[in-house]
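# Working through the structure, step by step
Listed here are the chains, written in short residue letters.
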Amino acid sequence: MDCWFRNLPKIELHAHLNGSIRNSTLLELARELGEKGTIIFSDFEYVIRKDDRSLREVFKLFDLIHIVTTDHKTITRITKEVVEDFAAENVVYLELRTTPKRNDSIGMSKRSYIEAVLEGLRSVSSSSLDINLSSNDPAKCVAGTKMIYVRLLLSIDRRESTAAAMETVKLALEMKDMGVIGIDLSGNPTVGEWATFVPALKFAREQGLSVTLHCGEVPNPVEIQAMLDFLPGRIGHACCFQDEEWRKLKSSMIPVEICLTSNIRTETISSVDVHHFAELYKENHPIVLCTDDSGVFSTSLSNEYAIASSTFGLGKPEMFQLARIAFDFIFAENQVKMELIKMFESAARTLEYD
Ligand code: 6MZ
């Protein structure tokens, strides 16, 4: 990959924490649990190393990943590593999403899970990076270190009940001053009913949280239309839309988080050259390139930019503009937007375009 895409400052708005784990960390954790006899390592290794997976298999994989990652210490470690990996490839603003999990047998509540994530963020700032979490703190670009803004979105899993979804929203509200800015609805799209989550999502929005929805990963016109009528701040994927849903989306101007590699690897789109990125881009619909699950799909945001550039014939000036414009779709406060604009202005003066 051309290192220009790595040097390009980028904004990542759709990254699941447990999908972004380094493969090496996942294997190391699995090996440890294998030695303790909790799992059979060779079975686990086979699933992790498998390349192409259907959407259904991906959700099975997540259940396996959660077995090896869901304790406080590990959540703190993977948060730190994931943020460092994004920062290393010049992601300057990251909205990281994760599903708060409860596991009574190890004394984990949804709150203590998110506290472990926050601990991971704090351990980044005390090591190699200059991380900016507080909304009052202006960004500082320190020579020789990377600057990254991180904000958190709490995910509601489609397997959850209305009460569990509401618990997640209340937790997000309690943690608003700690970098939590919104709610995501995700999980296996063939499971659960949209109506189950509406009360919690409405409440979230009334209380000032931003909302993004996984929308149209499988064909479900009734749900897609209801989601678009809800007018979320952004949607992810938008793969299985029909004419009527495209019309609604385009007139709403809801920004779409585009995950090229994920959509190909899960077979929700048959090949990248027929991806809806092309049409939305051509029509100036707000879009942002994202990774979804960089670990699970062995990709990076720089790689997603390189793929879009080569597949759709977009030159470096167009790719710079695509990366820059994403500042407009972030959920963080205006002060951060202003800082990002400055970062892109300064990058525009130093990046070369030939
Ligand atoms: C829908 C997805 C997803 O929350 O444990 N997740 N949900 N579609 C996708 N496209 C492939 N990729 C990931 O991260 C893993 C969780 O994120 C959601 C699933 O609920 C998965 O269990 P966290 O950090």
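Naming follows an unreviewed UniProt entry, where the chain appears as Adenosine/AMP deaminase family protein of Artemisia annua. UniProt lists a comment for the chain under the heading Sequence similarities (unreviewed entry), and it reads "Belongs to the metallo-dependent hydrolases superfamily. Adenosine and AMP deaminases family."

Let us look at the pattern of salt bridges. Following the criterion strictly, the structure yields 23 salt bridges and no others. Residue Arg 97 is joined to Glu 257 by a salt bridge in which the shortest nitrogen-to-oxygen separation is 3.1 Å. Pair noted here: Arg 97 is in strand E2 (residues 91-98) and Glu 257 is in strand E8 (residues 256-258), with a separation of 160 residues, a long-range link. With respect to class, Arg 97 is no different from Glu 257; both count as buried. A salt bridge links Asp 104 to Arg 102, with the shortest nitrogen-to-oxygen separation between them at 3.1 Å. For the pair shown, Asp 104 and Arg 102 are each scored as exposed. Among the charged side chains, a network of salt bridges with common partners joins Arg 22, Glu 28, Arg 77, Glu 81 and Asp 85.

The next thing to look at is the site of the ligand. In the vicinity of the ligand lie 18 residues, with His 66, Thr 98, Thr 99, Lys 101 and Asp 293 positioned nearest. Interatomic distance of 2.8 Å between a side-chain N/O atom of Glu 217 and a nitrogen atom of the ligand. Here Asp 292 contributes a side-chain N or O atom positioned 3.2 Å from a nitrogen atom of the ligand. Computed on the free molecule, the ligand has an accessible area of 520 Å², of which 99% lies beneath the protein chains in the complex.

In this section: the packing of helix H14 (residues 316-325) against helix H15 (residues 334-350). One can describe the packing of H14 onto H15 by two numbers: an axis separation of 10 Å at closest approach and a directional angle of 165°. Considered as vectors, H14 and H15 are oriented roughly antiparallel to each other. In terms of crossing hand, the pair formed by H14 and H15 is right-handed. Where H14 abuts H15, its residues Phe 320, Ala 323 and Arg 324 lie against Phe 344, Ala 347 and Ala 348.

The next subject is unusual backbone geometry. Comment: phi is negative for the bulk of residues other than glycine, and the bulk of peptide bonds are trans. Positive phi, normally seen in glycine, also occurs at Ala 238, with a value near 55°. On the secondary structure map, Ala 238 appears in the loop between strand E7 (234-237) and helix H10 (243-252). Notably, Glu 267 is not glycine yet its phi reads approximately 65°, a positive angle. You can see Glu 267 is positioned in the loop between helix H11 (260-265) and helix H12 (277-282).

Moving on, we come to the packing of helix H13 (residues 301-312) against H14. At a minimum axis distance of 10 Å, the contact between H13 and H14 shows a crossing angle of 135°. Classified by the interaxial angle, the pair formed by H13 and H14 is oblique. The interaxial crossing formed by H13 with H14 has right-handed handedness. From H13, Tyr 305, Ala 308 and Ser 309 reach across to H14, where they touch Met 319, Leu 322 and Ala 323. Here the contact of H13 with H14 is composed, by residue class, of five nonpolar, one polar and no charged.

Conventions used here
- Residues numbered from 1 in each chain as written.
- Predicted model: local features only at pLDDT ≥ 70, side-chain atom pairs only at ≥ 80, totals over all residues.
- Heavy atoms only, no water.
- UniProt positions renumbered as here; feature names shortened; annotations may be inferred.
- Salt bridge = Lys/Arg side-chain N within 4 Å of Asp/Glu carboxyl O.
- Helix = DSSP H or I, 4+ residues; strand = E, 2+ residues; numbered from the N terminus.
- Buried < 20%, exposed > 50% of the residue type's maximum accessible area, 1.4 Å probe, protein only.
- Near = heavy atom within 4 Å.
- Polar contact = N/O pair within 3.5 Å; in protein donor to acceptor, adjacent residues only side chain to side chain.
- Areas by Shrake-Rupley, 256 points an atom, 1.4 Å probe, with all protein chains shown as cover.
- Axes fitted to C-alpha atoms, helices over the stretch in contact; angles between N-to-C directions.
- Parallel < 35°, antiparallel > 145°, perpendicular 65-115°, else oblique.
- Left-handed = near helix turned anticlockwise from the far one by under 90°.
- Contact = heavy atoms within 4.5 Å.
- Nonpolar A, V, L, I, M, F, W, Y, C, P; charged D, E, K, R; others polar.

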